[in-house]
Amino acid sequence: MIRVVLADDERLIRAGWTTILSHHDDIDVVAEAADGCEAVEAGVGADVVLMDVRMPRMDGLAATLELARRAPATRVIVVTTFENDQLVWGALRAGAAGYVLKRAPARELVDAIRFVHTRDAVLFPDALRRIAAPRAGTARSSPVTGLTPRELDVLRHIALGQNNAEIAAALHVTRETVKTHVGNVLDKLGARDRTQAAVLAYEFGLVFPGTHHQG
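This report concerns the structure included in the present document. Here the structure is a predicted model, which is why all the values come from computation and not from measurement.

## A short note on unusual backbone geometry
One non-glycine residue, Arg57, adopts positive backbone phi at about 70°. Residue class for Arg57 comes out exposed when judged on its relative accessible area of 66%. Positive phi is not limited to glycine here, since His172 has a value of about 60°. Relative to the assigned elements, His172 resides in the loop between helix H8 (164–171) and helix H9 (175–189).

Next up, the structure:
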């Protein structure tokens, strides 16, 4: 059972999400929050938080940062009206596992919750590439010297949205080897998860939004 918290300052939005999620036996809405402060309190102990970006008292970015500090195991999905919102990028950098648009189909919202709960790949890598485009290669410093050539390869594949099995096939290594490399990459980057590592890969110019897997 995936324990989900719904955080949005509009009651009707929360009611709509509740209706959608109530049809799925593996998802349990355990709490609702009308602002970022409530989202943090309710999110501690939850598996996934659907987090609105713009809320009173504490916005989605600040709430994501606080949850990352207080509840590292909780996954945050930012839910937003505008995919290029600066706060969305900030939330991804802060450790959000991904984002979905408020106009997205119900099936996409459900799939996103299940997907981030597995933690095996980046949620909607094509969408991440689009939002990364204005910020790619903007970081002043890069951790390249801290990563081995193989770890850089793994990071690039992570940024392209590939899971461990796909990376293993591409690099002709075992899944366990990939799992070890992924752990090392996250540790060296100080990244909370694969999505945050992918965000850093774009900012450091290790991969660019137009990049595609070459096989």
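## Some remarks on the side chain of Glu151
Examined against the element boundaries, Glu151 turns out to sit in helix H7 (residues 149–159). The buried category is assigned to Glu151, whose relative accessible area is 3%. In contact with Glu151, other than residues within four places in its own chain, are Gly146, His181, Asn184, Val185 and Lys188.

## Focus: the packing of H8 against H9
Contact geometry for H8 and H9: axes closest at 8 Å, N-to-C directions at 105°. Comparing their axes, H9 and H8 come out roughly perpendicular. For the pair formed by H8 and H9, the contact residues are Asn164, Ala165, Ile167 and Ala168 on the first element and Arg175, Val178, Lys179 and Val182 on the second.

The rules behind the values
- Chains are numbered independently. Their residues run from 1 in the order of the written sequence.
- Residues qualify for local features only when their pLDDT is at least 70, as the model is predicted, and side-chain atom pairs are given and counted only at 80 or more; totals for whole chains, interfaces and linings, by contrast, use all residues.
- Values reported for side chains reflect all heavy atoms of the structure, with hydrogen atoms and water molecules removed beforehand.
- Here the term buried applies to any residue with accessible area under 20% of the maximum for its type, exposed to any over 50%, and partly exposed to those in between, with areas from a 1.4 Å probe on protein chains only.
- The numbering of helices and of strands both runs from the N terminus, where a helix is a DSSP run of H or I of at least 4 residues and a strand a run of E of at least 2.
- Contacts: residue pairs with any heavy atoms within 4.5 Å of one another.
- All axes are obtained by fitting lines to C-alpha atoms, using only the stretch in contact for helices, and the reported angles, taken between N-to-C directions, cover 0 to 180 degrees.
- Orientation is classified from the angle alone, with under 35 degrees giving roughly parallel, over 145 giving roughly antiparallel, 65 to 115 giving roughly perpendicular, and any other angle giving oblique.

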